[in-house]
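Descriptive structure summary
What follows is the residue order along each chain.
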Amino acid sequence: MIDEILTFNKQFVDSKSYEQYITDKYPDKRLAVLSCMDTRLTSLLPAALGLKNGDAKIIKNAGGLVISPFDSAMRSLIVAIYELGVQEIMVVAHSHCGACHMSYDHFHEQMLSRGVSDKTLDTIRKCGIDLNHWLEGFKDTPESVKRTVNTITTHPLVPSDIIVRGFIIDSETGELEEVKA
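Read on for a plain summary of the structure. (Residues numbered from 1 in each chain as written. Predicted model: local features only at pLDDT ≥ 70, side-chain atom pairs only at ≥ 80, totals over all residues. Heavy atoms only, no water.)

Details of the packing of aromatic side chains
Applying the stated criterion across every chain, the model contains 2 aromatic pairs. Taken together, the ring pairs in this structure connect Phe8, Phe12 and Tyr21 into an aromatic cluster. (Phe/Tyr/Trp six-rings, centres within 6.5 Å; stacked < 30°, edge-to-face > 60°.)

If you want it as structure tokens, here you go:
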């Protein structure tokens, strides 16, 4: 698959198809969107939000979560605020998310079957990583959005004038429903 992508990329560059996407690093709408990496949202999310290339910083991970005040999603948001001029943040979860009901127990069995040993997992735990928390999903999507919005708004490095709002997008229609705190 990667070789096919590389072949396509060469044609893309040679034909100058990239020209329609040229922009700079600053989001035109001064907006960051934290959302799920779900493939159903790849094109649907920006289309449903009316975003074009260059409008917003879109940060994606499994579940659209900030699981810790110092995880990579939060780091990206801090960089977006201070380096790129972001003034508003949308947290956008979605319907029928695979991270809902995700658990370490589920992954543990899959890891073992793919050759990761319990010894390796124990070593990771001894380094202070709580795999149960790190690989835990959520049970309630609106509550998950509220938790993530709260983590962002109460973060000691997020200025009080940053607007943060949470939403759930329907992964078929793109309809947004705001989640009130």
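From this point on, the discussion continues.
Points about the environment of Pro69
Examined against the element boundaries, Pro69 turns out to sit in the loop between strand 2 (56–61) and helix 3 (72–84). Between the C-alpha atom of Pro69 and that of Gln110, which follows or precedes it by 41 residues, the distance is 28 Å. Among all residues touching Pro69, those that are not within four sequence positions of it are Met74, Thr151 and His155. (Helix = DSSP H or I, 4+ residues; strand = E, 2+ residues; numbered from the N terminus. Contact = heavy atoms within 4.5 Å.)

Regarding a nonpolar patch on the surface
On the surface, Val13, Tyr18 and Ile22 cluster together into a nonpolar patch covering about 270 Å² of accessible area. As for its position among the elements, Tyr18 is in the loop between helix 1 (2–14) and strand 1 (31–36). Relative accessible area serves as the criterion here: at 30%, Tyr18 is assigned to the partly exposed category. (Patch = residues over 30% accessible without salt bridge, like charges linked within 9 Å, V, L, I, M, F, W, Y side chains within 5 Å. Areas by Shrake-Rupley, 256 points an atom, 1.4 Å probe, with all protein chains shown as cover. Salt bridge = Lys/Arg side-chain N within 4 Å of Asp/Glu carboxyl O. Buried < 20%, exposed > 50% of the residue type's maximum accessible area, 1.4 Å probe, protein only.)

Thoughts on the nonpolar core
Counting residues in each nonpolar core, the largest one holds 22 residues, and the members touching the most others are Leu77, Ile89 and Ile152. Counting residues per element, the ones that place at least two in this core are strand 1, helix 3, strand 3 (88–94), helix 7 (141–153) and strand 4 (163–169). If one sorts the elements of this core by residue count, helix 3 sits on top with 6 residues. In this structure Ile152 touches Leu34, Val66, Met74, Leu77, Ile89, Val91, Val158 and Val164, once residues within four positions along its chain are discounted. (Core = buried A, V, L, I, M, F, W, Y, C linked by side-chain atoms within 4.5 Å.)

Here's the deal with the pattern of salt bridges
Enumeration over the complete set of coordinates arrives at 9 salt bridges. With a shortest N-O distance of 2.7 Å, Arg40 and Asp38 are connected by a salt bridge. According to the relative accessible area criterion, Arg40 is partly exposed, its value standing at 36%. You can call Asp38 buried: its relative accessible area is 15%. Note that Asp122 is salt-bridged to Arg125, the shortest N-O span being 2.8 Å. Here the residue Asp122 and the residue Arg125 both occupy positions in helix 5 (residues 118–126), the gap between them amounting to 3 residues, near one helical turn. Among the residues examined, Asp122 registers a relative accessible area of 36% and is labelled partly exposed. Each of Arg165, Glu178 and Lys180 takes part in salt bridges that share partners, so that together they form one network.

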